[in-house]
Structure formats: C-alpha cells, structure tokens
Amino acid sequence: MSTEQAQPQRALAERMERSQVITLSEFQPADPSSWERTSCRACLKTDLVEVLNLGEQPPSNAFVATEDLGKQESRFPLSLRLCESCGMVQLGHVVPPELLFRSYLFFTSSSKWMADHFGKLMTENAAEFVPPGGLIVEIGSNDGTALSAIQRSDVRLLGIDPARNISVMAASRGIPTIAEFFSEPIAAEVAKVAGQAHLIVACNVLGHINNLDDVCEGVRKLLHPQGAFVIEVPYLAPFVERNEYDTIYHEHLSYFAVRPLAALMNRHGLHVERVQLFPVHGGTIRVTVKHGVWRSDDAQAWLKREEAAGLSKQSTYARMAELTIRNKTELPTKLAELKRAGKKVLGYGAPAKGTVRLNYCGIGTDLLAEVTDSTPAKQGLHIPGTHQHIRAPSALNDINPDYVLLLAWNHAPEILARESAFIARGGKFLTPWLEELK
Ligand code: JHZ
C-alpha cells in the first residue's frame with residue numbers, strides 16, 4: 001500500500017468509535033484479465049497438477065441486469081489443481097479481486113441458520129479469548145451479521161471487508177468497518193492504532209485470498225500473544241466425497257484440508273490448535289490458530305484421517321472428475337424429461353454455486369426459465385451466463401411448479417421447513433444430483 005493510501009488511517013481510531021465505514025483507497029477500475037498462478041498458495045512449490053477443468057466460466061456473482069442481457073459477459077478459466085507436494089487443492093487462475101469483491105451481492109444475513117451459526121461462533125470465542133477492553137477483528141465481515149451478535153459492551157469491534165456496498169450496511173448497524181482487502185500493511189496499521197486483537201475471525205474468506213502469506217503475516221502482527229485466529233472454511237473431505245463441484249468458482253481460490261493449512265501457519269510462526277467440523281456449506285471446518293510453532297494432537301489426528309482419505313492423491317480427484325462429467329449429462333437430461341412430461345420446474349436460490357452448476361451443465365432458460373432468491377438485491381437480475389430470471393420467493397406460489405431444483409442445496413433443512421406448504425400440496429424438491437427430498 002502506498003503512503004498516499006495509508007494517510008486516512010490516521011483517523012481510524014476516531015472513526016472506529018463512531019462506527020463509520022473507513023475507506024483507505026479509491027476504487028481503481030479492475031484490469032479485466034485473469035492470470036495463471038504456477039506456485040502453490042500454501043507451500044509455494046510448483047508441483048501443481050490439474051485435476052478438474054470446468055472450462056471458461058463467468059464470475060458466479062456477476063448477476064446481469066435485464067438491459068445488459070445482450071452484452072458480452074466476461075469469462076475466465078476455471079480449473080482445479082492439486083499440489084503434489086503439500087496436498088493443497090486450488091484454482092489455477094486468478095480473477096482480479098477488485099472485479100469480484102468491491103461490489104458484492106452475497107449477504108451473510110440471507111440465511112437465519114448461518115446468521116445464528118456465526119453469532120454463536122463470535123459469542124463463544126469472545127468469551128474464551130477476549131478480556132474486557134479487548135479488540136475483535138473480523139476479516140471479510142460482510143454485512144456485520146457475526147460481529148453484531150456480540151452483546152458485550154466491554155469489547156471493541158472492527159470489521160474489514162472490501163465490498164463497499166456491504167460495508168455501508170455493516171456500519172449502519174453499528175459495526176465500524178474498513179472497506180478494504182485485509183493485508184499485512186492494514187493489519188500492522190490497525191495494531192498500531194487500536195492495539196493487538198485477542199480474537200481475529202475469518203469465515204469463508206481465506207479461500208478467496210490469493211496471497212495467503214500476506215494474510216498470515218498480517219495475522220501474526222495483529223494477533224495478541226494470547227489471542228486466537230479463528231478460521232472457517234468449507235472442508236476438502238466432504239467437497240470430494242459428495243462431489244460438491246459447484247463450489248468451485250473464481251472466488252474460491254483454495255479448498256482447504258488441515259494438512260496444507262497447518263503447514264502454511266507453521267511457516268508464519270503460527271500453529272493449528274483445534275479443529276472442529278460443522279454441517280454448514282456442505283461440511284465446514286473451524287480451525288483455531290495461535291502463536292507458536294508446533295503440532296497439536298488435534299491437528300495430528302486430522303492429518304492421519306486426511307491421509308487415509310487420500311486427500312492428496314490424484315486418483316481421488318479422478319473419481320470426482322468422473323462424477324462431475326456425469327452430472328453434466330444427467331441433470332439437463334432430467335430437466336428435458338420433465339419438460340417433455342409437461343412438468344413445471346423452478347430453481348430455488350441464486351447462490352454462486354447455482355451459477356457454476358447451470359453454466360457447466362449448459363442449462364439455459366429453455367430448460368429452466370426462472371429461479372427464486374430471498375436476497376432483494378439479486379431479484380430482477382439474471383444468472384450470469386445462463387440468464388435465468390431471479391424472482392422473489394413469492395414466485396413459488398405464483399408459478400406453483402411441480403418440481404423445485406434446489407440450487408442452494410446447502411440450506412436444505414431451512415428451506416424445506418419454510419416451504420412445507422409447497423411439499424404438502426405435492427411439490428417436489430430435487431437436488432442438483434437428482435435426489436428427491438422430502
Ligand atoms: P449460499 C457463499 O456462496 C458465499 P453461495 C461465499 N462466496 C462463500 O465463500 C461460500 O458461501 C462458502 C438464497 N436463499 O449461502 C440466499 C434463498 O433464496 O449457498 C442466497 O442468495 N432462500 C462468500 O453464494 C443463496 O440462496 C433461503 O431460504 O453459494 C444461498 O447462497 C435461503 C436460506 C437462502 O452461498
């Protein structure tokens with residue numbers, strides 16, 4: 001960061017007190033081209049092999065306005081690589097983060113279940129690690145949902161998130177937010193102005209960051225000697241076992257297992273202390289990291305399990321590639337059959353993963369005309385690439401479909417509970433892997 005960009009940081013402490021959005025640099029129009037990364041994000045070696053290729057795809061959250069439907073959309077390569085040296089699974093190409101994250105249409109508050117999950121994470125970890133007067137920093141704080149769950153008035157809160165539109169929402173609910181990408185210089189500046197943090201939280205954001213060394217250095221400087229860095233990331237094991245290929249998109253640069261994550265932390269004087277598994281986003285690990293370089297018994301046990309599961313073997317991903325290719329035929333075939341049988345189908349949810357699934361499988365508006373989504377900012381727009389119109393959830397009653405294709409499959413329990421009336425009148429929920437849910 002240039003000195004010029006660092007200037008406004010002088011006012012950081014005051015603006016934190018006034019819960020304002022803190023913008024450290026002016027938005028630079030993004031360079032619209034992607035670039036290929038040839039070294040591993042975790043160990044920096046160049047032993048990367050391609051294990052799955054989804055072709056050229058549009059950015060999954062680049063929803064299209066009706067007036068822009070005729071215009072050309074950007075597409076970037078989407079290929080998954082395995083590091084044969086440390087077992088890190090990652091994307092081969094990087095789309096400029098300015099393009100993906102400055103204006104963002106995913107809101108943490110869009111799922112009550114997730115909001116409760118993150119709220120619990122914050123309150124439990126604040127109770128365990130943060131003394132009165134302590135600082136809690138959230139990297140990728142989105143709309144402030146998680147931080148605002150903290151009811152204690154004796155701690156200080158700070159969010160850091162590059163999305164300008166969402167930082168404003170967080171600030172309006174009382175969460176001071178630096179509207180920037182987390183980086184080592186920003187972390188160092190926060191430590192200087194506000195002191196070190198007893199708790200740094202990063203949920204579903206580490207995978208979005210290309211330069212993980214920079215993040216770890218920032219955390220090393222910002223984290224109090226007795227503090228904890230709590231990370232949540234979708235876990236590689238269920239990703240492979242359940243073939244969650246639709247979670248491969250340009251935003252997700254890394255697909256974490258404990259082994260490469262622990263090695264990465266060790267390179268920066270940090271270590272994995274505790275690992276917990278949660279059934280969110282198809283299977284998520286919460287990893288507690290602290291200062292010091294050693295391997296906890298907990299981390300060792302996870303490493304053994306990962307080895308037994310073959311997570312760093314190419315053959316594991318060959319099976320995943322087979323299932324992915326099969327889904328590319330089976331899902332459109334099923335939708336075509338339903339259409340021929342005169343059945344009405346509506347998509348449920350416009351998550352990033354829905355964009356990947358529809359584009360990779362080549363499902364256009366002929367096979368699936370519309371989807372619903374509860375996020376007002378997505379309603380009225382169209383899915384990138386395949387152009388399904390996104391409607392408010394009330395469309396379910398207007399259209400009264402025979403089948404609902406559950407694109408937001410990770411929220412199945414919450415959605416099925418909400419749509420019990422639809423199920424009671426004979427409506428069917430179909431997962432993208434063609435399972436009928438009841
Ligand atoms: P959802 C997100 O991916 C965002 P996405 C992010 N890229 C990330 O890293 C991963 O999670 C892990 C809607 N919805 O959570 C709201 C309904 O319509 O699967 C959302 O648009 N009705 C940071 O985008 C979408 O579905 C409902 O009842 O794949 C869900 O998106 C509910 C519960 C949700 O995230």
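In this report, we go over the structure that sits alongside the text. Not measured: the values here are computed from a predicted model.

## Section: the overall build of the chain
Then step 1. If you tally the helices and strands in the chain, you get 15 helices and 20 strands.
Then step 2. The C-alpha atoms of the chain give 22 Å as radius of gyration, which agrees with the globular expectation for 438 residues (22 Å, within 12%).
Then step 3. Once local pairs closer than 6 in sequence are excluded, the contacts in the chain between residues at least 24 apart make up 70%.
Then step 4. On the chain, roughly 17,600 Å² of surface is accessible, and the fraction owed to carbon and sulfur atoms is 52%.
Then step 5. Within the chain, the 49 negative side-chain charges are centred at a point lying 3 Å from the centre of the 45 positive side-chain charges.

## Focus: the side chain of Glu 414
Then step 1. By the secondary structure assignment, Glu 414 is in helix H14 (residues 412-418).
Then step 2. On the accessibility criterion, Glu 414 (17% relative accessible area) is buried.
Then step 3. Engagement of the side chain of Glu 414 in a polar contact is seen with the side chain of Ser 111, the distance being 2.8 Å.
Then step 4. Aside from chain neighbours lying at most four places away, what touches Glu 414 is Ser 111, Lys 112 and Trp 113.

## As for the sheet that holds strand E16 (residues 370-372)
Then step 1. Reading across the sheet, the six strands line up as E17-E16-E15-E18-E19-E20 and stay open at both edges, with mixed pairing between neighbours. Both outer strands of the open sheet, strand E17 (389-391) and strand E20 (436-437), are each paired with one neighbouring strand and no more.
Then step 2. As judged from the three bridges shared by E16 and E17, these two strands associate in the parallel manner. Among the inter-strand pairings, Glu 370 is bridged to a residue of E17, identified as His 389.
Then step 3. Contacting strand E15 (345-348), strand E18 (403-406) and strand E19 (428-430), helix H11 (residues 314-340) runs over the sheet at an angle of about 165° to E18.

## Some remarks on helix H9 (residues 258-267)
Then step 1. Those residues of H9 not exposed but buried are Val 258, Pro 260, Leu 261, Ala 262, Leu 264 and Met 265.
Then step 2. Contacts from the buried residues of H9 go to helix H7 (212-222), strand E11 (223-234), strand E13 (270-278), strand E14 (284-291) and helix H10 (297-308).

## Here we look at unusual backbone geometry
Then step 1. Residues other than glycine seldom take positive phi values, yet Asn 243 does so here, at roughly 45°.
Then step 2. Counting through the fold element by element, Asn 243 comes out in the loop between helix H8 (236-241) and strand E12 (254-255).
Then step 3. Among the residues examined, Asn 243 registers a relative accessible area of 9% and is labelled buried.
Then step 4. For His 281, which is not glycine, the phi dihedral falls at a positive 50°.

Conventions we followed
Residues numbered from 1 in each chain as written. Predicted model: local features only at pLDDT ≥ 70, side-chain atom pairs only at ≥ 80, totals over all residues. Heavy atoms only, no water. Helix = DSSP H or I, 4+ residues; strand = E, 2+ residues; numbered from the N terminus. Rg over C-alpha atoms; globule rule 2.2 N^0.38 Å. Contact = heavy atoms within 4.5 Å. Areas by Shrake-Rupley, 256 points an atom, 1.4 Å probe, with all protein chains shown as cover. Lys, Arg positive; Asp, Glu negative; His and termini not counted. Charge placed at Lys NZ, Arg CZ, Asp CG, Glu CD. Buried < 20%, exposed > 50% of the residue type's maximum accessible area, 1.4 Å probe, protein only. Polar contact = N/O pair within 3.5 Å; in protein donor to acceptor, adjacent residues only side chain to side chain. Pairing = 2+ DSSP bridges. Axes fitted to C-alpha atoms, helices over the stretch in contact; angles between N-to-C directions.

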